[in-house]
There are 2 protein chains.
Amino acid sequence: MWPGLATLPWRWAGGAALLLALALEALALARGWRRPPPRREVLFFPSPVTCTAALLGGPGRAPCRCPLPHGDSPLGRLLRRLLSARRSLELCLFAFSSPQLGRAVQLLHRRGVRVRLVTDADYMALRGSQVGRLRQAGIQVRHDHESGYMHHKFAIVDRKMLITGSMNWTTQAIQNNRENVLIVEDAEYVKPFLAEFERIWEEYNPANYTFSPKEVEQK
Amino acid sequence: MWPGLATLPWRWAGGAALLLALALEALALARGWRRPPPRREVLFFPSPVTCTAALLGGPGRAPCRCPLPHGDSPLGRLLRRLLSARRSLELCLFAFSSPQLGRAVQLLHRRGVRVRLVTDADYMALRGSQVGRLRQAGIQVRHDHESGYMHHKFAIVDRKMLITGSMNWTTQAIQNNRENVLIVEDAEYVKPFLAEFERIWEEYNPANYTFSPKEVEQK
């Protein structure tokens with residue numbers, strides 16, 4: 001028998017399988033390099049009071065000499081995640097009175113990040129609320145007009161990082177309460193929250209308001 | 001030249017590569033079968049009011065004929081996730097007054113699931129709270145004794161599924177508020193929440209209480 005008849009298919013099959021195995025390995029490695037694992041982080045509060053001037057001040061400023069500790073804290077980490085926004089920030093917050101978080105949002109707005117805020121009508125006018133200041137700074141704000149509370153407490157950074165949990169953005173919550181905040185990049189969570197934000201944003205559009213109590217009741 | 005000298009190494013290499021490629025594929029598939037992807041789910045509220053009798057009643061009962069809709073709802077899905085507990089349920093809840101969720105927890109307790117509940121002292125005695133009933137049923141309850149709120153709203157099923165979000169377990173929240181609840185199985189979230197629960201559980205151990213206001217103030 002001519003040996004080529006028996007050996008050539010083996011050569012081809014063997015070579016092809018070797019190439020396939022190598023290609024699969026390379027693909028798996030390349031996918032690992034191109035897509036870093038999604039960020040999954042939990043912050044627990046209360047947070048110790050630390051100096052946030054370095055995070056909220058401009059670059060090249062002299063180091064802050066205030067007497068507060070200058071180390072890491074859950075609030076510091078929350079601020080860093082927020083301040084990583086480059087393009088967009090969606091905020092859906094029941095109560096928002098923390099001066100540090102308010103400054104961070106104003107800073108992002110000044111840097112050109114598109115900020116949109118949805119909040120609860122009952123809480124936005126309380127003393128200490130940041131909502132009026134943010135509106136004055138030119139940030140778009142919409143609020144509920146329902147009997148139930150707009151009780152979400154989430155933010156979405158650059159349409160890819162979700163920040164959500166039990167914590168309202170108040171100094172009381174940050175410094176005194178037991179609270180949790182999740183930092184999430186898995187699309188299974190980010191996408192539905194983005195859709196929920198857009199749904200609420202549209203529903204609270206002032207163009208859709210009805211000012212007749214009868215009509216509101218019938219809704 | 002004896003043909004074996006030239007062709008045998010090719011046969012071996014080819015066969016080995018083929019086997020390797022097949023083994024790698026089989027391994028990947030087997031890993032996929034053995035480890036289903038972690039559950040990642042979001043529930044948004046308010047939930048339409050639906051009949052939960054089928055979920056909360058015993059097996060073999062006649063179908064409920066009440067006039068409520070019998071379809072799926074966010075509350076129904078939350079109840080199903082909770083009722084999947086077989087061994088343990090940790091609850092860390094600021095406010096707990098929902099009768100349906102209370103019945104689900106009592107059902108799990110009767111089935112032999114180890115239930116532990118941490119709650120906030122200011123809210124547990126309010127009218128409609130489920131905390132007294134759960135205690136009477138024999139469920140272990142501990143509460144905070146701090147000035148800040150125990151504001152978490154999470155549950156951990158069988159030490160592997162975390163249920164957490166903005167929603168207190170009240171009928172007001174379920175039926176009227178804009179709320180979110182995440183169902184999470186990723187260990188990066190479940191483990192820190194389990195540790196937070198155990199930390200709080202130990203801290204609120206009645207054996208550690210101090211009843212002298214002076215001592216409490218000094219803490």
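See the structure above.
Reading guide: rules and limits
- Residues numbered from 1 in each chain as written.
- Chains lettered and ligands numbered in written order.
- Predicted model: local features only at pLDDT ≥ 70, side-chain atom pairs only at ≥ 80, totals over all residues.
- Helix = DSSP H or I, 4+ residues; strand = E, 2+ residues; numbered from the N terminus.
- Buried ≥ 20, exposed ≤ 12 C-beta atoms within 10 Å, placed from the backbone.
- Contact = placed C-beta atoms within 7 Å.
- Least-squares fit on C-alpha atoms with pLDDT ≥ 70 in both.
- Pairing = 2+ DSSP bridges.
- Axes fitted to C-alpha atoms, helices over the stretch in contact; angles between N-to-C directions.

A. Quick look at the overall build of chain A. A count of helices and strands for chain A gives 9 helices and 7 strands. Counting across all 219 residues of chain A, residues that qualify as buried make up 34%. In chain A, of all internal contacts separated by at least 6 residues, the share reaching a separation of at least 24 is 70%.

B. Representation of the relation of the copies chain A and chain B. Between the two copies, chain A and chain B, the superposition gives an RMSD of 0.8 Å; the rotation angle is 180° and the shift along the axis is 0.3 Å. Look at the turn and shift together and you get a two-fold axis relating the two. The fraction of interface residues of chain A whose copies in chain B are also interface residues reaches 100%, indicating that both copies meet through the same surface.

C. Layout of the sheet that holds strand β7 (residues 179-184) of chain A. Residue and element names in this part refer to chain A. The 7 strands lie next to each other as β1-β7-β6-β5-β2-β3-β4, forming an open sheet whose pairing is mixed. Each edge of the sheet is formed by a strand with only one pairing partner; in this case those strands are β1 (40-45) and β4 (140-143). Averaged over all neighbouring strand pairs, the angle between strand axes comes to 15°, with direction disregarded. Bridge analysis of strand β3 (residues 114-119) against β4 gives 4 bridges, and the strand direction is parallel. Looking at the pairing, Arg 116 lines up with Gln 140 of β4. Relative to the sheet, helix α3 (residues 74-83) contacts β1, β5 (153-157), β6 (161-165) and β7, its axis offset from that of β1 by approximately 140°.

D. Fine view of the sheet that holds strand β2 (residues 88-93) of chain B. Read from one edge of the open sheet, 7 strands run β1-β7-β6-β5-β2-β3-β4 (chain B), paired in mixed fashion. Strand pairing shows two members of the sheet lacking a second neighbour, β1 (40-45) and β4 (140-143) of chain B, which therefore form its edges. Adjacent strand axes in the sheet meet at a mean angle of 15°, parallel and antiparallel pairs treated alike. Contacting β1 and β7 (179-184) of chain B, helix α8 (residues 187-203) of chain A crosses the sheet at an angle of about 20° to β1 of chain B.

Read these as geometric descriptors, not functional statements.
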